[in-house]
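Residue-level structural notes
This is what each chain is made of:
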Amino acid sequence: MSLSHDPSSQLGRDLPRHDWTRAQIRALFELPFPELMFRAAQVHRDNFDPAEVQISTLLSVKTGGCPEDCAYCPQSAKFDTGVKAEKLMGLDVVLAEARAAKAGGASRFCMGAAWRAPKDRDLDKVCEMVEGVKALGMETCVTLGMLTGDQARQLKHCGLDYYNHNLDTSPEFYGEIITTRVYQDRLDTLEHVRLAGIHLCCGGIVGMGEDLEDRVGMIATLASLPVHPESVPINMLVRVEGTPLAHVAVLEPLDFVRTIAVARICMPASVVRLSAGREDMSEETQALCFLAGANSIFYGPKLLTTPNPGRDRDVALLDKLGMRPMD
Ligand code: SF4
């Protein structure tokens, strides 16, 4: 392939573009690895300081017992994974965790609740948490499932900065992973959040048995949203015993790195988060992800219910790479 005639080589420094075609995104995935890495690193440094990493901490404020059937999720009530259903955490406990996260260097505190959609009385309590965390001087993010327009406006009113709602995979593969809702439900919530004026955190999961075309379709959908999500988490599936994906074939790490690189190129101004799956990832793979344009991680020993590298390991890795937390 002659790269100079490849439409995907038009990596404007004046992006973001919203008209990426699947053919262009596929062509990026199929580039020789060094070429893809070079282009992604170039886009990264055109838009960010490549030595900086945004640090977030994620706390499960309501664990387990979820009525949805996301095939990757240990919190679904439909799978026997040993995760116990718990009630919504008290405000004091949440604020103590947020203070500890701030002391550990986190600039954003994310709170996740395993709901299909929040009830209005639950949302009032989440709003108190958002207000409390904001008062500590941190950015706030919540992930609560599907929202109505009114609920999104209520969250905006209480000062929420980010709402996480992942598209997970391509529209075509979605039905293989979740049967209790449809892709359009996700897009509707994303629109409610966007219209309420809350920043979006939206990405997906790879390594769920999808093929390359599904990774292409996922990035194409994200990159053609009316405004690119400000934060794009790319997760590597954590295979949890008891879930339907417990024994799915492991994705080649370099295919994960490619997904990060293509996300970086297609959404140049977004923060791309190297999200779940780092616990089983070598330092070398994580370093390649940073080179490919990832510039955010979750700190802390747990990501909702699955393990994550401890803070000390992350500090040591960032030190080794000469990288530092984003202010
Ligand atoms: S991913 Fe979220 S919506 Fe799906 S089962 Fe888990 S907690 Fe429920």
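All values reported here derive from a predicted model rather than from experimental measurement. (Residues numbered from 1 in each chain as written. Predicted model: local features only at pLDDT ≥ 70, side-chain atom pairs only at ≥ 80, totals over all residues. Heavy atoms only, no water.)

So, the overall build of the protein chain
Tallying secondary structure elements over the protein chain gives 11 helices and 12 strands in all. Relative to a compact globule of 327 residues, whose C-alpha radius of gyration would be 20 Å, the protein chain shows 19 Å and is just as compact. Out of the 327 residues in the protein chain, the part that is buried amounts to 57%. Summarising the internal contacts of the protein chain: among those between residues at least 6 apart in sequence, 75% fall at separations of at least 24. Total accessible area on the protein chain stands at roughly 13600 Å², and carbon and sulfur atoms take up 53% of it. The average position of the 34 basic charges and that of the 44 acidic charges among the side chains of the protein chain differ by 3 Å. (Helix = DSSP H or I, 4+ residues; strand = E, 2+ residues; numbered from the N terminus. Rg over C-alpha atoms; globule rule 2.2 N^0.38 Å. Buried < 20%, exposed > 50% of the residue type's maximum accessible area, 1.4 Å probe, protein only. Contact = heavy atoms within 4.5 Å. Areas by Shrake-Rupley, 256 points an atom, 1.4 Å probe, with all protein chains shown as cover. Lys, Arg positive; Asp, Glu negative; His and termini not counted. Charge placed at Lys NZ, Arg CZ, Asp CG, Glu CD.)

Focus: the packing of aromatic side chains
Evaluation of the coordinates by the stated rule reveals one aromatic pair. On the numbers, 5.1 Å between centres and 75° between planes, the contact of Tyr-174 with Tyr-183 is edge-to-face. For the cation-ring pair, Arg-17 lies above Trp-20, with the distance from its terminal atom to the ring centre recorded as 4.0 Å. (Phe/Tyr/Trp six-rings, centres within 6.5 Å; stacked < 30°, edge-to-face > 60°. Lys NZ or Arg CZ within 6 Å of the ring centre and 35° of its normal.)

Some points on the confidence of the model for the protein chain
Per-residue pLDDT for the protein chain has a mean of 90; in total, 92% of the residues score no lower than 70. Every residue in residues 1–12 scores below 50 in pLDDT, and together they form 21 contacts with partners more than four places removed in sequence or on other chains. (pLDDT = per-residue confidence, 0-100.)

Considerations on the pairing of strand S1 (residues 52–62)
For S1, the buried fraction is high: 10 of the 11 residues fall into the buried class. By the bridge criterion, two bridges tie S1 to strand S12 (residues 324–325) in an arrangement that is parallel. Bridging from a neighbouring strand, Glu-52 pairs with Arg-324 of S12. Of the strand pairs in this sheet, S1 and strand S9 (residues 296–299) are connected by four bridges, and their pairing is parallel. Looking at S9, one finds that Ile-55 is bridged to Ile-297. By the bridge criterion, six bridges tie S1 to strand S2 (residues 108–113) in an arrangement that is parallel. Counterpart to Ser-60 in the pairing with S2 is Gly-112. (Pairing = 2+ DSSP bridges.)

Some points on the environment of Val-61
Residue placement: Val-61 occurs in strand S1. Those residues in contact with Val-61, other than ones at most four positions away along the chain, are Lys-87, Leu-88, Met-89, Val-94, Met-111, Gly-112, Ala-113 and Met-129.

Side note on the pairing of S2
The element S2 is largely enclosed, with a buried count of six among its six residues. Residues Arg-108, Cys-110 and Gly-112 of S2 are buried on one face, and the alternating residues Phe-109, Met-111 and Ala-113, pointing to the opposite face, are buried as well. When S2 meets strand S3 (residues 139–143), the two strands line up parallel, connected through five bridges. Opposite Gly-112, over in S3, you have Thr-143 as the bridge partner. Note that the unit made of S2, helix H4 (residues 120–135) and S3 has a crossover that is right-handed. (Right-handed = clockwise from strand over helix to strand, strands pointing away.)

Considerations on the environment of Leu-91
Summarising the element assignment, Leu-91 is placed in helix H3 (residues 91–103). Leu-91 sits 23 residues away from Ala-114 along the chain, and the two C-alpha atoms are 17 Å apart. Sequence-distant contacts of Leu-91, that is, excluding residues within four places in its chain, are made with Glu-128 and Met-129.

A word on a negative patch on the surface
Negative charge collects at one region of the surface, where Asp-120, Asp-124, Glu-128 and Glu-131 lie side by side. Tracing the sequence through the fold places Asp-124 in helix H4. (Patch = residues over 30% accessible without salt bridge, like charges linked within 9 Å, V, L, I, M, F, W, Y side chains within 5 Å. Salt bridge = Lys/Arg side-chain N within 4 Å of Asp/Glu carboxyl O.)

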